[in-house]
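Here is how the chains run, residue by residue.
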Amino acid sequence: MESQTSSSSQRELINWCKGESLDLKHALLLHGVPEGVSREDIEETAGTIKALGKVKVRGKMFHPQQQSVMVLCECREEIDPSKIPPEIMPLSEGSGWKTVYYTEPQFDNFEEKLLTFLQSEGRTLEDIQGLCSPTKEGNSNPEDIIRAVGDVISRTNKQHDSHPYRRLRTFSGVSPTPTGEETLDNWLEQATLLVEEGECSDKEKRRRILESLKGPAFEIIQAVRLTQPDASPREYIKAIESIFGTVESPEELYLSFRALHQQPGERLSEFLRRVEKSLVKVVQGGGLPVSAANLRSFRAAS
């Protein structure tokens, strides 16, 4: 899918606006809209971005390569790129709609492009500085920079190969937990593991978290994205936990921990894992001092 700044997307937007006599500064092009979505639903979804003001659909066109519909919208307010997310999540769930808006032509900037590339790979300039051979003047020559960037790409690809994609199980926040979905505790554990140990970029972590959500949980993160476009993956998790987590007193947490026992057929390793998770919740909730945690855990396990 093309980004909002790609030359072909910009040409589509400019040409369409000329045909509709629409001011480019008030135009928004949506990619990836499924066939059959009504004008009202499109306008309501785009209207969730308050910076756009009232939104009106000016035209729709089928995109054969993407097998979806492009929609040209007119916005009451002038487009402010800093307030427009790269994609809009439809109110009726489903994949996001890519946003395209007009940007002034800019001269090529190698440093900016390099920084953008490194950021998308979860890297910084420091990762390639040590790989470059300084010249007598103390600067790295272009050949060294290109070689260093290639080395970063190679290392990144190897890391991705050694850490295969692990899809998060679905979580909706519906109670009781529907068949095929994860409970809140299990989903939080998986998502936290992804954020803390995943080798992919924050952008990829946000995408994986978002694709695992549906229903009420999906709507919560959609609201977070609209109000905090730069929210981190950890903030996504905190939002889910704060809304769907059960508020228990320290005494209730401690009693739940004391009531744990190994289930018939449950492996010892699985039981110890439940004990550890429960113990962490007790300590975090103030139901047990940290100094007593290890002793209590041992007694529960035995």
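Everything here concerns the structure above.
My aim in this report is to walk through the structure given alongside it, one point at a time. A quick note: this is a predicted structure, and the numbers were derived from the prediction, not measured. The residue count restarts for each chain, going from 1 along the sequence in the order it is written. A pLDDT threshold of at least 70 governs which residues receive local features in this predicted model, and a stricter bar of 80 or more applies before side-chain atom pairs are shown or counted, although totals over entire chains, interfaces and linings include all residues. Side-chain metrics rest on all non-hydrogen atoms present in the structure, leaving aside hydrogens and water.

## A few points about the overall build of the protein chain
Here is step 1: Counting its secondary structure elements, the protein chain contains twelve helices and five strands.
Here is step 2: Burial classes: relative accessible area under 20% of the type maximum marks a residue as buried, over 50% as exposed, and values in between as partly exposed (1.4 Å probe, protein chains only). Looking at the 302 residues of the protein chain, the share that counts as buried comes to 32%.
Here is step 3: The contact definition used throughout considers only heavy atoms, calling two residues in contact when any of these lie within 4.5 Å. Taking the intrachain contacts of the protein chain between residues at least 6 apart in sequence as the baseline, contacts between residues at least 24 apart amount to 60%. Numbered from the N terminus, helices here are DSSP runs of H or I no shorter than four residues, and strands are runs of E no shorter than two.

## Considerations on the nonpolar core
Here is step 1: The criterion is simple. A nonpolar core is a set of buried Ala, Val, Leu, Ile, Met, Phe, Trp, Tyr and Cys residues joined through side-chain atoms within 4.5 Å. If you look at the biggest cluster of nonpolar residues, it comprises 22 residues, and the most contacted ones within it are Phe-171, Trp-187, Ile-209, Leu-213, Ile-221 and Ile-240.
Here is step 2: Those elements that place two or more of their residues in this core are α6 (184-197), α7 (202-211), α8 (215-227) and α9 (233-244).
Here is step 3: Per-element accounting of this core gives the leading share, six residues, to α6.
Here is step 4: Setting aside chain neighbours within four positions, we find Leu-213 in contact with Phe-171, Trp-187, Phe-218, Ile-221 and Ile-240.
Here is step 5: Ala-46, Ile-79, Trp-97 and Tyr-101 belong to the second largest nonpolar core, which has 19 residues in total.

## Points about the packing of aromatic side chains
Here is step 1: Planes of paired rings set the category: under 30 degrees apart is stacked, over 60 is edge-to-face and the rest tilted, where pairs are Phe, Tyr or Trp rings (Trp by its six-membered ring) whose centres lie within 6.5 Å. Applying the stated criterion across every chain, the model contains two aromatic pairs.
Here is step 2: Measuring from centroid to centroid gives 5.6 Å for Phe-171 and Phe-244, while their planes differ by 90°, and the two rings are edge-to-face. In this pair, Phe-171 sits in the loop between α5 (142-162) and α6 while Phe-244 sits in helix α9, placing the two residues 73 residues apart along the sequence.
Here is step 3: On the basis of relative accessibility, which here comes to 5%, the residue Phe-171 falls in the buried class.
Here is step 4: Aromatic ring contacts, followed pair by pair, group Phe-171, Trp-187 and Phe-244 into a single cluster.

## A few points about the environment of Asp-41
Here is step 1: Assignment of secondary structure puts Asp-41 in helix α2 (residues 39-46).
Here is step 2: Under the relative-accessibility criterion, Asp-41 is labelled partly exposed at 40%.
Here is step 3: Considering only alpha carbons, one finds Asp-41 and Pro-90, 49 residues apart in sequence, at a separation of 8.4 Å.

## Some words on the side chain of Lys-205
Here is step 1: Counting through the fold element by element, Lys-205 comes out in helix α7.
Here is step 2: His is not counted here, nor are the chain ends, while Lys and Arg score as positive and Asp and Glu score as negative. Salt bridges are identified by distance alone: a Lys or Arg side-chain nitrogen within 4 Å of an Asp or Glu carboxyl oxygen. Buried Lys-205, no salt bridge; nearest opposite-charge side chain is Asp-202, N-O distance 4.2 Å.
Here is step 3: If we skip the residues at most four places from it in the chain, Lys-205 touches Leu-194, Val-195, Gly-198, Cys-200 and Pro-233.

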